[in-house]
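Next come the chains, spelled out residue by residue.
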Amino acid sequence: MKVGLVGYQGSGKTTLFQWLTGIRADPSLAHRGQSAVVPLPEPRLEKLAEIYQSKKITPAGLEIVDTPGLSRTHEGNPARLALIREADCLVLVLAAYDGSDPWADYRSLEDDFLLADMEIVSGRIHRIEQSLAKPLPKTEKEQLAHEQAVLQQVFQAMESGRPLQEAQMTDEQRRTTRAFRLLTEKPRFLLVNTADDEADPQRFVRSAPSQWPCWAVPLDLEWELSQMSDEDREAFEKEMGLQGTDKAHLLRALVEAAGLVVFFTANQREVRAWLLPKGGTALEAAAEIHTDMARGFIRAEVMRADDLLQLGSQREAKAQHLVRSEHKDYVVQDGDLLYIHFNV
C-alpha cells in the first residue's frame, strides 16, 4: 500500500513523514520526494506466531511518500503531484497555526488535484486527435474515437468544477481513465497540523468536510516526543498534562481510509499480514501471496483470526466448525486467516 503525503510548503508534511517513518528527511531529496516503508502495527501477529510456533513474523507494509511542498500559486504543482499518482490514499496535511486556514488550503489542494488531472486527460485527448488525423485501420479509428468521446465527458465534468468520483463514473469511464490514476478519484485522509498549545484540536475535526476522515495532530510536538526515550516521554507528558497521539491507530486509520482490509497467512515457517482492497476475492488474495497460488487455485481454507486466538488452536477451531472451505470468488473479510490449496 502506498500513502502519498500532500501539502503546501510549511504545512508540516515532512514533519509527518518523519514522525510516521522515524526517518529524518533528506534535504537533498526536497525537490524529488522521499519514501520509506513502515510496518503496520498488528498485535495479532505475535499471538498467531505463538500458536503456530512460527519462526518469522512479517507485518504488512505501508509505503509513505513525502512529495515536494506545493506552491500556493499552483505553478509547477502538476509535476510535483505526478509522484503520487500510484498512491492508494492521499493524506492532505493542512496547517492550522499562526493564523492559517486549513479549509482554505483544503479547497486549494482540491483545485490543484483537478488542474493536474485536467492536464493529463486533455493531453490524452489531444494525442487522440492527432492520431485520428492520420490514416488508420477502421477498427483502430473507431476505438480511438470511442475513447475520445468518453474522455471528453470526463473532461467536461472537470471543467464544471465537479470532477466525477469513482463511485459516480460508469464502468466504461473507469476503464478508460484507470491508467491515468486520477488524483480526484483517490480516497483522502485529512490531517490538520495544529499548534502545540491548541486548546481544542477537535474543533477542526468537527468542521471538516464530512466525506473524508480527519485527525487533528500537533505534528511538531509529536515528532519531538518521538525522539525521547519512553521514560522521558511519559514524564514529560505527565508534567505537561499531554495525551500523545496513537501513531499505530493513525496508521490503521490510513489503511481503512484507503479501502483496504488485512488478512493473514500462518504456518511454522512464517506468520504474515497482507493488505487487499475491500471486496477482493480469495483468488486475488492468493495472487497477492504468490502468482503460482492464483494460477493453480483449488480452494481456500478460511477462519477468523480472532476465533483462532480465542480458542488457542486450529484443531479446536475445526472442532467448533469455524474453518470453512471457500471458492475463488469468496470475498475476503478483514481479519480472515487463509490457507490456499493449489496445484503447482
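Heads up: the structure comes first, above all this text.
All figures in this text were calculated on a predicted structure; none of them were measured in a lab.

Q: Explain the pattern of salt bridges here, please?
A: Close approach of charged atoms allows side chains with opposite charge to pair. Under the definition given, this model contains 17 salt bridges. Salt-bridge contacts for Arg72 lead to Asp105; the nearest nitrogen and oxygen are separated by 2.8 Å. In this pair, Arg72 is assigned in the loop between β4 (61–66) and α3 (77–81) and Asp105 in helix α4 (residues 102–132), connecting sequence segments 33 residues apart. Of the residues examined, Arg72 reaches a relative accessible area of 45% and is grouped as partly exposed. On the basis of relative accessibility, which here comes to 9%, the residue Asp105 falls in the buried class. Glu270 serves as the salt-bridge partner of Arg269, at 3.9 Å between the closest nitrogen and oxygen. Looking at Arg269, the relative accessible area reads 57%, which means it is exposed. For Glu270, a relative accessible area of 10% puts it in the buried group. Here the salt bridges share partners, and the residues they tie into one network are Glu42, Arg44 and Asp306.

Q: So what exactly am I meant to see when it comes to helix α10 (residues 247–257) here?
A: Residues spaced three or four apart along an α-helix point in a common direction, a consequence of the helix completing one turn every 3.6 residues. All of the buried residues along α10 are Leu250, Leu251, Ala253, Leu254, Val255 and Ala257. Count one or two residues on from α10 and you reach Gly259, which has phi positive near 75°.

Q: Hey, could you run me through the nonpolar core in this one?
A: Burial of nonpolar side chains together is a common tendency in soluble globular proteins. Counting residues in each nonpolar core, the largest one holds 44 residues, and the members touching the most others are Leu16, Val91 and Phe189. Here this core gets six residues from one element, more than from any other, and that element is α10. Once residues within four sequence positions are removed from consideration, Val91 is found in contact with Val3, Gly4, Leu5, Val6, Leu16, Phe189, Leu191 and Leu254. Within the second largest apolar cluster, 24 residues are counted, among which are Val65, Ile84, Leu94 and Val192.

Cut-offs applied
Residues numbered from 1 in each chain as written. Predicted model: local features only at pLDDT ≥ 70, side-chain atom pairs only at ≥ 80, totals over all residues. Heavy atoms only, no water. Salt bridge = Lys/Arg side-chain N within 4 Å of Asp/Glu carboxyl O. Helix = DSSP H or I, 4+ residues; strand = E, 2+ residues; numbered from the N terminus. Buried < 20%, exposed > 50% of the residue type's maximum accessible area, 1.4 Å probe, protein only. Core = buried A, V, L, I, M, F, W, Y, C linked by side-chain atoms within 4.5 Å. Contact = heavy atoms within 4.5 Å.

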